[in-house]
Amino acid sequence: MKDLIWDESLSVQVDEIDEDHRRLIDLFNILSHAVAENDSLIYVEAVLEELISCTVWHFRHEERLMIKYNYGDYPEHKADHEALIDSVRDLQKRFRAAGKLSDEDISFLEHWLTGHILSADMKLGAFLGEII
Ligand SMILES: [Fe+2]
């Protein structure tokens, strides 16, 4: 198991967004360690819920900035956020039914997290970087 490391390649060049992303990556690493070390179900569940809750909070943060600065791609970006939350809630349901997170689930979460940062958030960062 390899930790996800936040580095400049993940920077969207907006400090307050980068700060949130770093926190989400920390939580992802805590979760992946918990799974690799066979921590208790209740602990894995708590970390997964914390990751999801922080992500929901972070998405509201980005959406507030998009509204404030009249970001043209706001509807698409918000729809992306909703789809990401739906997919992680599905994973959470599967986890509860199966009683474990698999290596595939962890790798799904890795792409779930970095894929959005590297696409939609980079575009948002480029826009916000010009005005704030
Ligand atoms: Fe986003």
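Read on for a plain summary of the structure. Note that the coordinates shown come from a computational prediction; the quantities given were computed from them, not determined experimentally. (Residues numbered from 1 in each chain as written. Predicted model: local features only at pLDDT ≥ 70, side-chain atom pairs only at ≥ 80, totals over all residues.)

On to the overall build of the chain. The number of helices and strands found in the chain is four helices and zero strands. The helix and strand sequence of the chain, counted from the amino end, reads α-α-α-α. Counting only C-alpha atoms, the chain reaches 45 × 25 × 20 Å along its principal axes. Taking all 132 residues of the chain together, the buried fraction comes to 18%. (Helix = DSSP H or I, 4+ residues; strand = E, 2+ residues; numbered from the N terminus. Buried ≥ 20, exposed ≤ 12 C-beta atoms within 10 Å, placed from the backbone.)

Turning our attention to helix 3 (residues 74-98). The terminal C-alpha atoms of helix 3 lie 36 Å apart, and with 25 residues this matches the ideal 36 Å at 1.5 Å per residue to within 8%. Taken from the residues just after helix 3, G99 is the one with a positive phi, measuring 75°. (Expected span 1.5 Å × (residues − 1).)

On to the nonpolar core, then. In terms of nonpolar packing, the biggest core is built from 17 residues, with V12, F28, L31, L51 and L124 touching the most fellow members. When residues of this core are assigned to their parent elements, the largest contribution, six residues, is made by helix 4 (residues 103-131). Once you skip the residues sitting within four places of it in the chain, F28 turns out to touch L4, L51, L109, E110 and L113. (Core = buried A, V, L, I, M, F, W, Y, C linked by C-beta atoms within 7 Å. Contact = placed C-beta atoms within 7 Å.)

A few words now on unusual backbone geometry. One non-glycine residue, N38, lies in the positive phi region at around 55°. What makes N38 exposed here is the crowd of 9 C-beta atoms within 10 Å.

A few words now on helix 2 (residues 41-68). For helix 2, which comprises 28 residues, the first-to-last C-alpha distance of 41 Å matches the rise-based estimate of 40 Å (1.5 Å per residue) to within 8%. Next to the buried residues of helix 2 lie helix 1 (15-36), helix 3 and helix 4.

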